[in-house]
Every structure is written in C-alpha cells, then in structure tokens.
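Chain and residue survey
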Amino acid sequence: MSANTAGKTITCKAAVAWEAGKDLSIEEIEVEAPKAHEVRIEIVYTGVCHTDAYTLSGKDPEGAFPIVLGHEGAGIVESVGEGVTNVKVGDNVVALYTPECGECKFCKSGKTNLCGKIRATQGKGVMPDSTSRFKCKGKELLHFMGTSTFSQYTVVADISVVAITDKAPMDRTCLLGCGITTGYGAAVVTANVEKGSNVAVFGAGCVGLSVVQGAVKNGAEKIIVVDVNDGKEAWGKKFGATDFVNPTKLGGKSIQEHLVEMTDGGCDYTFDCTGNVGVMRAALEACHKGWGQSVVIGVAAAGQEISTRPFQLVTGRVWKGCAFGGIKGRSQLPGLVDDYMTNKLKVDEFITHRQPLNKINTAFQDMKAGDCIRCVVNMREA
Ligand SMILES: NC(=O)C1=CN([C@@H]2O[C@H](COP(=O)(O)OP(=O)(O)OC[C@H]3O[C@@H](n4cnc5c(N)ncnc54)[C@H](OP(=O)(O)O)[C@@H]3O)[C@@H](O)[C@H]2O)C=CC1
Ligand SMILES: N[C@@H](CCC(=O)N[C@@H](CSC=O)C(=O)NCC(=O)O)C(=O)O
Ligand SMILES: [Zn+2]
Ligand SMILES: [Zn+2]
C-alpha cells in the first residue's frame, strides 16, 4: 500500500473504545498522514495487555474516550514524515509506549528508561503537536500510550518506534512491545537479580512469567511463584520456577510469613505482577531485612495507595518500581529480538490464544480467563 498512500489519509479498520466499560467497536477510521517526526505504521499483530483492559474499564486516571487502545504492536512502516531518520518505509518495527529521545534530562541521566520528551501529550492522548491523527464518523479519536495498536494503521512519534530484523515473526515480536520485555527487564535490568538469590514473583501472568525467565537468566537459586490460581504452578515451573505457593491455602498464615520461613529470613528480590496493593505490601514485607528489594510492576486502579510500617524500610528493605522493565526501547529492544532469534529468550511459549481483529472483544474475554497468558490479534484478519 505504501507507494500509493504516502502523504494521503488511509481508511482502515480499528477497534474503537467509545466509552469506558463498553465493548470495543470495529469501525472504519481515517488515519491522517504522518507529520514531521512522525511515522505511520501498518500494525500486523498486536497483543492485548491487562493495561488495555484497565484503561477500558475506566479505572485509569489518564483514561479518556473515544480512544484507540493497544500498545503491544508490531508492524511495517508505511510512510514517514519529514525529518524521520531512525526508520524507513518497509522496516519491520515494534511500537514503543516508553519512547527514547536520547536528548531529554531523563534519557541523558543514565538512571532511567523513562523519557520526558512527549510524556505530557502522550498522557493526554494526542500527538506531540497536541492534535490527533484519527477520525471516525467525523469525530476525533484519542491516541493511547503513544501507540494505539488496535488500528490497522497508526501514527506514532519517531522516538516511539524501533526497527528490528525482518527475520523475526511479527506475531511474536509484538509481545516484546510490553509484557515480556516488562517482566524480563524488571528482573535483569531494574533489580539486576544476583546469582544465587532467592526471588518471589507474585502473579504468574505474562509479566510474572517473564520475571521468572529473567531471574533464571541471572542465575537465581530459588524462584518462588505466588499465585491464587493453582493452574499457574505448571506455568511457573515451565519457565524455571523452583517453587509454587497459593497464598489462599496457607491456613491463616500470611504469605509474607510463609516466604520468610521458606527463605531463611526473607527474599532478596520480590516482584508484584498483580496490580493489587495488598499484594504489593506482602511482597515488600517478604523481603530480607537489611537488603531485600521489592519491585512494583502491576498497575493499580485510580485511588489505590500502598502502605506498610515505615519500620520495614528503616530496617533496610527497598521499594522500587519500573515501567517497561527499565528497558530503553530504541537501544535495547533489537538485542532482545536477537536473543529470541538465537533461542536465548522464550517468546512463543507465552502465546496461548489467537484472534482476528473482528473478534478482539473475545481476546479481552480470553485474557480474563485463568488459562490465558497472552492472546495475539491478527490485524489483517478483520
Ligand atoms: N509496569 C509496567 O510497565 C507494566 C505493568 N503491567 C501490569 O502488570 C500486571 C500483570 O500483568 P499480566 O501478567 O498481563 O496479568 P495477568 O492477569 O495475566 O497475571 C496476573 C496473575 O496474578 C494472579 N493474581 C491475582 N491476584 C493475586 C494475588 N492476590 N496473589 C497472587 N496472584 C494473584 C492472577 O490470577 P488469576 O488468573 O486467578 O486472576 C494472574 O495469574 C497488570 O497489573 C498490568 O497492568 C503490564 C505491563 C507493563
Ligand atoms: N496511566 C496510569 C498508569 C499506567 C501505567 O503505569 N503505565 C505503565 C505501563 S503499563 C503497560 O502495560 C507506564 O508506562 N508507566 C509510566 C508512564 O510514564 O506512564 C495512571 O495514570 O495511573
Ligand atoms: Zn502492557
Ligand atoms: Zn528522552
């Protein structure tokens, strides 16, 4: 399509969220051509992440409607705006909800993967020039997380996209756009789990299993998966967990007490991959006195707050958190794709369900069923 469509508005199908709490609606939408420093991508596959469901539910304080959700997408560059040098027409790419400009205070700090350049407009659901590229039935639609991958074509800032090898299948690389990278990066980059450590991972979905994968890579000795769903024991073990605990089956003992007993004083690293603030507290309190670190990954609903006795921190436990695992997308994602291509990173194993675009609401239902790790949506099948 690229030869004819560059510079023109494209009409294509997208899943539109008109209102919070309602199903997505498959619509024909108009996608304007990219402006300067913008890239129009044909999204070929997208994953569905819990954060999409969270925003659709109305619990996201930044959530606004109507909007094109989706942030776990892979595709092909259809056209680029003036001044774009990092990708070209025909490149296989992954959209990045955590951009990397390389120039802002955050990017230059060497301390974080968060980039400040377009965060304000991204949070408002518009492009960096404060306008939208999407229209449906004469109404403007908002962008989501700077990516909006639930559309067959989307427009992103050039700092929100990375080119990857065209040898990697896009139905797999889309998952590196969020869930897998987030959990793996949380273990390998944010916590930098040490060899021989004791690790507990709360919540064995795509994110938690990816933490397990990262902890294995870094040589953790004990990796305990904690999940309310017994079906997750086999999943945890498949990715290299050594132990499984169902916190609802401890006969009144708290999960933090149980983990402290299992690990001779507490875990070196714990990870919340549930978004439940009670679990976040338990994860912190399961850490070893003096040095244990707990990483918050899960996204909690508007109004939720975390709490613990300050004494937990006075006595050396550390609470931290990360977005996208602390991974810098443009610098580090191609390396993860290479790791996948050389069998050093599991990706295929996460795909339990598949749906065409016109059944994306079923993908949301799949995600909520206990047997789904990730559902991949084929955007060309509508
Ligand atoms: N910080 C970031 O950059 C990112 C954050 N996220 C967030 O991470 C979280 C996890 O995502 P994902 O892996 O896709 O989610 P999943 O729902 O697939 O996994 C969460 C798991 O936690 C289990 N669980 C629920 N309650 C508890 C509990 N009290 N104790 C232990 N386990 C529990 C769930 O069980 P059951 O199946 O029975 O519900 C499920 O198995 C979400 O909040 C998501 O929004 C996601 C991506 C990026
Ligand atoms: N908008 C929400 C917060 C949602 C959130 O925390 N998003 C994560 C990624 S979750 C991916 O699946 C994130 O990138 N956070 C950093 C950021 O700058 O948004 C709210 O306002 O609570
Ligand atoms: Zn996500
Ligand atoms: Zn930046």
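About the cut-offs
- Residue indices follow the written sequence of each chain, beginning from 1 at its first position.
- In the order they appear in the text, chains get letters beginning with A and ligands get numbers beginning with 1.
- Restriction of local features to residues with pLDDT of at least 70 applies here, the model being predicted, together with a cutoff of 80 or more for giving and counting side-chain atom pairs; totals for whole chains, interfaces and linings are based on all residues.
- Values shown for side chains rest on all heavy atoms present in the structure; no hydrogens or waters enter the calculation.
- UniProt positions are given in the numbering used here, feature names are shortened, and annotations may be inferred rather than shown by experiment.
- Secondary structure counts use DSSP, requiring at least four H or I residues in a row for a helix and at least two E residues in a row for a strand, with both numbered from the N terminus.
- Values of the radius of gyration come from C-alpha atoms, whereas the globule rule sets the reference at 2.2 Å times the count of residues to the power 0.38.
- Only protein chains enter the accessibility calculation, which uses a 1.4 Å probe; a residue is then buried when its area is under 20% of its type maximum, exposed when over 50%, and partly exposed in between.
- Working definition of accessibility: Shrake-Rupley area with a 1.4 Å probe, residue cover restricted to the visible protein chains.
- In this tally, Lys and Arg are treated as positive and Asp and Glu as negative; His is ignored, and so are the chain termini.
- Here the site of a charge means atom NZ of a Lys, CZ of an Arg, CG of an Asp or CD of a Glu.
- Throughout, the term near means that a residue has one or more heavy atoms lying within 4 Å of the molecule or strand in question.
- In the analysis that follows, any N or O atom pair within 3.5 Å is treated as a polar contact, provided that within protein one partner can donate a hydrogen and the other can accept it, and provided that, for residues neighboring in sequence, both atoms belong to side chains.
- Think of it as three bins: nonpolar holds Ala, Val, Leu, Ile, Met, Phe, Trp, Tyr, Cys and Pro, charged holds Asp, Glu, Lys and Arg, and polar takes everything else, Gly as well.
- Expected helix span is taken as 1.5 Å per residue step, with the number of steps being one fewer than the number of residues.
- The reported arc concerns the directions from the helix axis to the C-beta atoms and nothing else.
- A 2.8 Å cut-off from the metal defines N, O and S donors, relaxed to 3.2 Å for Na, K and Ca; water is not in the atom list, so some sites may appear incomplete.
- Note on geometry labels: four donors, all angles 85 to 135 degrees, give tetrahedral; four donors become square planar and six octahedral when opposite donors are over 155 degrees apart and every other angle is between 65 and 115; remaining cases are irregular.
- To get an axis, fit a line to the C-alpha atoms, keeping to the stretch in contact for a helix; angles then go from 0 to 180 degrees between the N-to-C directions.
- Note that the term roughly parallel is reserved for angles under 35 degrees, roughly antiparallel for angles over 145, roughly perpendicular for angles of 65 to 115, and oblique for everything else.
- Crossings are classed by handedness, with left-handed meaning an anticlockwise turn of the near helix from the far one by less than a right angle and right-handed meaning a clockwise turn.
- In what follows, a contact means two residues having at least one pair of non-hydrogen atoms within 4.5 Å.

In the nomenclature of an unreviewed UniProt entry, the chain corresponds to S-(hydroxymethyl)glutathione dehydrogenase from the organism Lepraria finkii. The record in UniProt for the chain states the following under Cofactor (unreviewed entry): "Zn(2+)". In its Sequence similarities (unreviewed entry) section, UniProt records this for the chain: "Belongs to the zinc-containing alcohol dehydrogenase family. Class-III subfamily."

1. Focus on the overall build of the chain
Secondary structure summary: the chain contains 13 helices and 17 strands in total. The C-alpha atoms of the chain give a radius of gyration of 21 Å, which matches the 21 Å a tight globule of 382 residues would have. By the burial criterion, 58% of the 382 residues in the chain qualify as buried. Here the chain displays about 15600 Å² of accessible surface, and carbon together with sulfur accounts for 50% of that area. The averaged location of the 42 negative side-chain charges in the chain is 2 Å from the averaged location of its 41 positive side-chain charges.

2. Regarding the site of ligand 2
Taken together, the neighbourhood of ligand 2 is formed by 13 residues, with Thr-51, Asp-60, Glu-62, His-71 and Arg-119 sitting nearest. Here an oxygen atom of ligand 2 and a side-chain polar atom of Tyr-54 are 3.5 Å apart. For ligand 2, a nitrogen atom lies 2.8 Å from a polar atom in the side chain of Glu-62. In isolation ligand 2 offers 530 Å² of accessible surface; the protein chains occlude 71% of this area. Classifying every residue of the shell around ligand 2 gives 8 nonpolar, 2 polar and 3 charged.

3. Here we look at helix H12 (residues 329-341)
Taking 1.5 Å as the rise per residue, H12 with 13 residues should run 18 Å; its terminal C-alpha atoms sit 17 Å apart, in good agreement. Residues Gly-329, Leu-333, Leu-336, Val-337 and Tyr-340 constitute the buried set of H12. Each buried residue of H12 lies within a common arc of 100° when the element is viewed along its axis, so the set occupies one face. Immediately downstream of H12, the backbone of Asn-343 shows phi near 60°, a positive value.

4. Points about the site of ligand 1
Close contacts around ligand 1 come from 27 residues, with Thr-51, Asp-227, Lys-232, Ile-297 and Phe-324 the closest. Note that an oxygen atom of ligand 1 is positioned 3.0 Å from one of the backbone N or O atoms of Val-207. One of the backbone nitrogen or oxygen atoms of Val-299 is found 3.1 Å away from an oxygen atom of ligand 1. Its free accessible area being 930 Å², ligand 1 has 82% of it covered by the protein chains. Mapped onto the shell around ligand 1, the elements with two or more residues apiece are helix H2 (50-57) and helix H7 (206-217).

5. Comments concerning the coordination of the zinc ion (ligand 4)
Here the zinc ion (ligand 4) is held by Cys-101 (SG), Cys-104 (SG), Cys-107 (SG) and Cys-115 (SG), and the distances to it run 2.3 to 2.4 Å. Geometry at the zinc ion (ligand 4) is tetrahedral, judged from its 4 donor atoms and the angles of 106 to 116° they form at the metal. Binding-site remark: the zinc ion (ligand 4) is held by donors from one chain whose sequence spacing is C-x2-C-x2-C-x7-C. The two residues Cys-104 and Cys-107 agree in class, both being buried.

6. Focus: the coordination of the zinc ion (ligand 3)
Coordination sphere of the zinc ion (ligand 3), protein contribution only: Cys-49 (SG), His-71 (NE2) and Cys-178 (SG), at 2.1 to 2.3 Å. In this structure, the zinc ion (ligand 3) is surrounded by 4 donor atoms whose angles at the metal cover 96 to 128°, and the resulting shape is tetrahedral. For the zinc ion (ligand 3), the donor residues sit on a single chain with the sequence spacing C-x21-H-x106-C. One end of the pair, Cys-49, is in the loop between strand S3 (38-47) and H2; the other, Cys-178, is in the loop between helix H5 (170-173) and helix H6 (179-190), and 129 residues separate them in sequence. Assigned by exposure class, Cys-49 and Cys-178 land together as buried.

7. Concerning the environment of Glu-257
Within the element layout of this structure, Glu-257 appears in helix H9 (residues 255-262). Its relative accessible area of 44% is what places Glu-257 among the partly exposed residues.

8. Describing the packing of H6 against H7
For the pair H6 and H7, the least separation of the axes is 7 Å and the interaxial angle reads 40°. Regarding the angle of H6 to H7, the classification is oblique. H7 is crossed by H6, and the crossing has right-handed handedness. Facing Gly-179, Ile-180, Thr-182, Gly-183, Tyr-184, Ala-187 and Val-188 of H6, the residues of H7 in contact are Cys-206, Val-207, Ser-210, Val-211, Gln-213, Gly-214, Ala-215 and Lys-217. Looking at side-chain class alone, the contact of H6 with H7 contains 8 nonpolar, 6 polar and 1 charged residues.

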